[in-house]
Amino acid sequence: MNSFVISGVVAALLVLSGCSSKEPVVEESVQSPQEVSVEKVAPVETETVSSSEASVMSEDTSNASSSSSGSMSSIEDGMSTIYFDFDKFNIRADMENRIVNDAGVANGAASSFSLKLEGNCDEWGSDEYNFALGLRRANTVKKSLIAEGVDANRITMVSYGESNPTCSIKSENCWSKNRRVDFKLLP
Amino acid sequence: MKILISFLIAVAISYASDATIEVIKKVDSLPTLAVEDSSVSFNNKFKMKFFKSLVADLNVISLFNVDRSYRTVDYDASEVSYENKEMNYVLRYKLKKDDNGALNIELKILSKDDIVFSKNYKVNNPKIYMFVSHTIAYDINKFMGEEPVEWMKRKVIFSRIIAPKKSELVIADYTLTYQHVIVKGGFNIFPKWANKAQDSFYYTSLDEKIPTLKHVNIKTARSKIIKSSDGMMICSDVSSDGKKLLLTMAPKGQPDIYLYDVNSRKTKKLTKYGGIDVSGQFVNKEKIVFVSDRLGYPNIFSKGVNSHSVEQMVYYGKSNVACSAFGEYIVYKSRESSNVFSTNTFNLHLISTETDFIRRLTAVGVNEFPRFSIDGDAIIFIKNYKAQSSIGIIRLNHNKNYLFPLKYGKVQSIDW
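## Thoughts on the state of the cysteines
Moving on, step 1. Scanning all chains against the criterion turns up 1 disulfide over all chains.
Moving on, step 2. Considering cysteine sulfurs only, C174(A) is the nearest to C121(A), which forms no disulfide, with 14 Å between them.
Moving on, step 3. Looking at the unpaired C323(B), the closest cysteine sulfur is the one in C235(B), lying at 14 Å.

## Thoughts on helix α2 (residues 44–60) of chain B
Residues and elements named next belong to chain B.
Moving on, step 1. With 17 residues, α2 should cover 24 Å at 1.5 Å per step; its first-to-last C-alpha distance of 24 Å lies within 8% of that length.
Moving on, step 2. Among all positions of α2, only F46, K47, F50, F51, S53, L54, V55, D57, L58, N59 and V60 are buried.
Moving on, step 3. Looking one or two residues beyond α2, the residue adopting positive phi is S62, at roughly 60°.

## Here's the deal with the pattern of salt bridges
Moving on, step 1. Throughout the structure, instances matching the rule amount to 24 salt bridges over all chains.
Moving on, step 2. Among the ionic pairs, D139(B) bridges to K119(B), the shortest N-O distance being 2.9 Å. Note that D139(B) is positioned in helix α3 (residues 129–143) and K119(B) in strand β6 (residues 114–123), a separation of 20 residues in sequence.
Moving on, step 3. Among the residues examined, D139(B) registers a relative accessible area of 9% and is labelled buried.
Moving on, step 4. For K119(B), a relative accessible area of 3% translates into the label buried.
Moving on, step 5. Among the ionic pairs, K269(B) bridges to D256(B), the shortest N-O distance being 3.7 Å. Of the two residues, K269(B) is situated in strand β17 (residues 267–269) and D256(B) in strand β16 (residues 256–261); the sequence distance between them amounts to 13 residues.
Moving on, step 6. We classify K269(B) as partly exposed; its relative accessible area is 38%.
Moving on, step 7. Three or more residues joined by partner-sharing salt bridges are found here, namely D85(A), R92(A) and D94(A).

## Observations regarding the pairing of strand β11 (residues 200–205) of chain B
Residues and elements named next belong to chain B.
Moving on, step 1. Summarising burial for β11: 6 of the 6 residues are buried, a large majority.
Moving on, step 2. Taking every second residue as pointing to the same face, both faces of β11 are buried, with S200, Y202 and T204 on one and F201, Y203 and S205 on the other.
Moving on, step 3. Bridge analysis of strand β10 (residues 188–193) against β11 gives 4 bridges, and the strand direction is antiparallel. Its bridge partner being in β11, K192 is matched across the sheet by Y202.
Moving on, step 4. Remark: 6 residues form the turn of the hairpin made by β10 and β11, two consecutive strands paired antiparallel; Q198 in that turn has positive phi of roughly 55°.
Moving on, step 5. The pairing of β11 with strand β12 (residues 212–217) spans 6 bridges and is classified as antiparallel. Bridged to Y203 within β12 is K214.

## Focus on the environment of P191(B)
All names here are of chain B.
Moving on, step 1. By secondary structure assignment, the location of P191 is in strand β10.
Moving on, step 2. Separated by 224 residues in sequence, P191 and D415 place their C-alpha atoms 6.9 Å apart.
Moving on, step 3. Excluding residues that lie within four positions of it along the chain, P191 makes contacts with I157, F158, S159, L169, Y202, Y203, S413 and D415.

## Looking at the environment of R154(A)
Residues and elements named next belong to chain A.
Moving on, step 1. On the secondary structure map, R154 appears in the loop between α4 (128–147) and β7 (155–159).
Moving on, step 2. Separated by 41 residues in sequence, R154 and F113 have C-alpha atoms that sit 7.6 Å apart.
Moving on, step 3. With near-sequence residues (within four places) excluded, R154 lies in contact with A106, N107, A110, S111, F113, S114 and L115.

## Thoughts on the domain arrangement of chain B
Moving on, step 1. In terms of domain boundaries, chain B breaks down into domain 1 (16–146) and domain 2 (228–415).
Moving on, step 2. One C-alpha centre belongs to domain 1 of chain B, the other to domain 2 of chain B, and the line joining them spans 35 Å.

## Focus: the packing of aromatic side chains
All names here are of chain B.
Moving on, step 1. A complete count under the given rule lists 18 aromatic pairs over all chains for this structure.
Moving on, step 2. Relative to F46, the ring of F42 has its centre 4.5 Å away and its plane inclined at 25°; by these criteria the two rings are stacked. Residue F42 shares its accessibility class with F46, and that shared class is buried.
Moving on, step 3. Ring centres of F46 and Y129 lie 5.4 Å apart, and the angle between their planes is 70°; on these two criteria the pair is classed as edge-to-face.

Each value, and the rule that gives it
Residues numbered from 1 in each chain as written. Chains lettered and ligands numbered in written order. Predicted model: local features only at pLDDT ≥ 70, side-chain atom pairs only at ≥ 80, totals over all residues. Heavy atoms only, no water. Disulfide = S-S within 2.5 Å. Helix = DSSP H or I, 4+ residues; strand = E, 2+ residues; numbered from the N terminus. Expected span 1.5 Å × (residues − 1). Buried < 20%, exposed > 50% of the residue type's maximum accessible area, 1.4 Å probe, protein only. Salt bridge = Lys/Arg side-chain N within 4 Å of Asp/Glu carboxyl O. Pairing = 2+ DSSP bridges. Contact = heavy atoms within 4.5 Å. Domains from an automatic or database assignment. Phe/Tyr/Trp six-rings, centres within 6.5 Å; stacked < 30°, edge-to-face > 60°.

What follows is the structure, encoded as structure tokens:
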């Protein structure tokens, strides 16, 4: 799986170090107070706004699918995405055959792999609740697969909320393509 | 006349104590302030960038009617520019690059030709000039006797969706002028500062076999895995002392809220409802608010950390899907329309748990992810409107909203 490689340096933790003592101070003001050439003014404070260097994390982006075997992806291609109605989480009548087919593939050609169910939503916001809705769709598919004889221990789930659209045009036809559960195989 | 003005101010202050009541301050009633540039270093492009940043910050503190005209004048000139004679205040600054390339700023505020405030600033890397600008505005706000705007100097962390299942975690200033990508590659979302010092953060990685919560110390660049859960794994909130986390997990496909102890690594399940319970937010150490669909639609509820009873907090709106709490106040996101064939509007509303007032904070677009500032003075949120993603700041007691657009991508979630 993807592993994080902590590589580079140079980022920026920006800390504003103040003369007041409230903020975390990375670099104290080193300049002594200076006098301003106007009598009414008290000694001028100097505040050093500093940037401490932090590290960048960069990730090994070689994704799982490119490293998976060709047979794995071809088996994946044989599994059908399940689509859902607006604001609904039940398996539509026209999707029931797909579930039967997907369960068949899961227990056939894909029987040596784990199944990852990816729940997705249309553009209803990026908050946790929308992720929970995507998960609810994945969970419905999971239960249907179990009912078709797929071992529950082989199934994991994830929700991508609205962050994994296959279509980004603002139309109902497009949104309907985003309300779905995809299948991914894991070794 | 003085009595009348005093009375009006007293009324304004008394109303301002309840943030759910809108305080309309007329622009004309604010003191005028002009900005004069006396810089002796840097090119015109940089000078103008600094000027714009400072004017923007001075606007956000909402204490002045800020003149946007760019004027130059000698720093030691005894009088303000002719055009600024009628101004209540004139802020004059001088940018100067020293031998080490550092940006030095001398600054003073004149009122009726008297210097009423002066301070010098220094930053080693001129590219982060915007943080100096924020600091100046913070100082001027304080000088004017207002409550500190601590949030202005704080960093924002957000996740930006750049392609399906591809995101970046970005550290920025509150105006997004400064941006640094801290986690690149992969699909990482829901970043959350781990403490007040903002030296580390949590985030959800969706690149693992199951959703995984990770912690990154940005000083040492060390990343460690905190916990994983099938289905969902999100750090919704961090307690003010950084010792407890509110997590949303779904180990059996059922999203629930859990309390996680950072030191002991023990987890306690806080909700048990068979539907959706997500987005836990600390009200204090003993109480949380969260989003649940236990009434058949998403709404905001509260419960004690050590008790089973659940209380409905919001009675307006049939689809309230996100919230943030500060003291007696709760800001929440509400779906205004539910139509499959049209664009939907989500607005933010503010309620007080001690009164019946509701105040709508936004008007158009998809407004989401509200988060109170650390001092409760402001609310930060994400606005998506007409294919533009922005970060918004609401100054509650000044009744003003400010938007800072994102140049590319879409903001998924935010914390500050």
